[in-house]
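Next come the chains, spelled out residue by residue.
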Amino acid sequence: MCRVDLCLRPTPGPLILVEVLPAGSVLTRLLALGAKGVWVAPGPKVARLLGESLGKNALLLGEVEGFPPEGFHGRLSLLDLERTEVKGKEAVLVAPSLNGSLLPGEEEVYLAGFRNAKAILELAGTLKNPTLRPSGAPEPLLSAVVALGFLQKRLSPEAQSLATLLLKAFPDPQEALFQSQEGQALHKEGRTEELAWASLIGVDPVVPRLTEVRLFSKEAHGLTQDRYAQRYAAWNG
């Protein structure tokens, strides 16, 4: 039995965090391609601080209106990753929505999307009362909610929730991504093919698991408030 959390409440047990766009699928793909780990930063400044600490092994990815910030290696693009050397690197993603979707103290966290759905469903069957949470909660991303409904329906076929109702409205994952605000942003940049790649089901046999949370205090780093960055690595059971 699984629980759905759309309100960003503390979760004491295992948490399956669902995100397809903008960063979730990229994070999973990085690990599938052999990245050592992937950090999720709330903004470019924290990402640069992480990059400095990681040294030459760092791969900084992020974007502003479709372009990587100054000093970054690339943008958040599944297609671009196929032309990027990532094996053995520590990637850093600027992904404020994904970063803000975890609460302090949540430790057993797994990342899910369409691309690693098969691996996530196999894992979920071994977890005791997992919670499913869409990225962006309490104002969840549409693409994340539909992906959550896809997973919930397979874990609990009789379940009824907002996510499963949305799934009925979008039986085609690619259409759900296209209709979402985050999908429309990619479409306006001429990157519709990214939506097709993100909607593929079960092609990445990897489950990202949270392995570390690092605090960046406002006093030490000149930030407006304390910030956190989370690191994920491939879980192998």
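Everything here concerns the structure above.
For the structure given in this document, a descriptive report is provided here. (Residues numbered from 1 in each chain as written. Predicted model: local features only at pLDDT ≥ 70, side-chain atom pairs only at ≥ 80, totals over all residues. Heavy atoms only, no water.)

Here's the deal with the packing of aromatic side chains
Geometry of an aromatic ring pair is reported as the spacing of the ring centres plus the angle between the planes. In the structure shown here, the tally under the stated rule is 2 aromatic pairs. Consider the rings of Tyr-110 and Trp-235, whose centres lie 6.0 Å apart with planes at 80°: the pair is edge-to-face. In this pair, Tyr-110 sits in strand β6 (residues 109-112) while Trp-235 sits in strand β9 (residues 227-235), placing the two residues 125 residues apart along the sequence. Classification of Trp-235 as partly exposed rests on a relative accessible area of 31%. Considering the side-chain rings of Phe-114 and Phe-150, the 5.7 Å spacing of their centres and the 70° angle between planes classify their relative orientation as edge-to-face. A residue pair is termed long-range when its members are at least 10 positions apart, and Phe-114 in the loop between β6 and α5 (117-124) and Phe-150 in helix α6 (residues 142-155) qualify at 36 residues. (Phe/Tyr/Trp six-rings, centres within 6.5 Å; stacked < 30°, edge-to-face > 60°. Helix = DSSP H or I, 4+ residues; strand = E, 2+ residues; numbered from the N terminus. Buried < 20%, exposed > 50% of the residue type's maximum accessible area, 1.4 Å probe, protein only.)

What to know about the side chain of Arg-115
With respect to the helices and strands, Arg-115 occurs in the loop between β6 and α5. Among the polar contacts made by the side chain of Arg-115, one reaches the side chain of Asp-204 at a distance of 2.8 Å. Sequence-distant contacts of Arg-115, that is, excluding residues within four places in its chain, are made with Ser-25, Arg-29, Leu-78, Trp-197, Ala-198, Leu-200, Ile-201, Gly-202, Val-203 and Asp-204. (Polar contact = N/O pair within 3.5 Å; in protein donor to acceptor, adjacent residues only side chain to side chain. Contact = heavy atoms within 4.5 Å.)

Some details on the packing of α5 against α6
Where α5 meets α6, the axes come as close as 11 Å, and the angle between the chain directions of the two elements is 45°. Compared by their axis directions, α5 and α6 come out oblique. Once α5 is placed against α6, the crossing between them reads as right-handed. Seen from α5, the contacting residues are Ala-117, Ile-120, Leu-121 and Ala-124; seen from α6, they are Phe-150, Leu-151, Arg-154 and Leu-155. The residue makeup of the contact of α5 with α6, split by class, is 7 nonpolar, no polar and 1 charged. (Axes fitted to C-alpha atoms, helices over the stretch in contact; angles between N-to-C directions. Parallel < 35°, antiparallel > 145°, perpendicular 65-115°, else oblique. Left-handed = near helix turned anticlockwise from the far one by under 90°. Nonpolar A, V, L, I, M, F, W, Y, C, P; charged D, E, K, R; others polar.)

Comments concerning the environment of Cys-7
Within the element layout of this structure, Cys-7 appears in the loop between β1 (3-4) and β2 (15-18). Along the chain, Cys-7 and Lys-56 lie 49 residues apart, while their C-alpha atoms are 39 Å from each other.

Considerations on the pairing of β2
Burial along β2 is two-sided: the residues Leu-15 and Leu-17 and Ile-16 and Val-18 are all buried. Where β2 lies against β6, 4 bridges are found, and the strand directions are parallel. Of the residues in β6, the one forming a bridge with Ile-16 is Tyr-110. (Pairing = 2+ DSSP bridges.)

Some words on the nonpolar core
If you look at the biggest cluster of nonpolar residues, it comprises 53 residues, and the most contacted ones within it are Ile-16, Leu-27, Leu-30, Leu-93, Leu-98 and Tyr-232. Among residues more than four places away in sequence, those in contact with Leu-93 are Ala-23, Val-26, Leu-27, Leu-30, Val-38, Trp-39, Val-40, Ala-41, Leu-61 and Leu-76. Leu-49, Leu-50, Phe-72 and Ala-229 belong to the second-largest nonpolar core, a separate cluster that totals 14 residues. (Core = buried A, V, L, I, M, F, W, Y, C linked by side-chain atoms within 4.5 Å.)

Thoughts on the pairing of strand β5 (residues 90-94)
Burial runs high along β5: 5 of the 5 residues are buried. Neither face of β5 is left uncovered, since the one carrying Glu-90, Val-92 and Val-94 and the one carrying Ala-91 and Leu-93 both have all their residues buried. Relative to β5, strand β3 (residues 37-41) runs parallel, the two being bridged by 5 bridges. For Val-40, the partnering residue across the bridge sits in β5 and is Leu-93. One ladder, built from 4 bridges, connects strand β4 (residues 58-61) with β5; its direction is parallel. Bridge pairing links Leu-61 to Leu-93 in β5.

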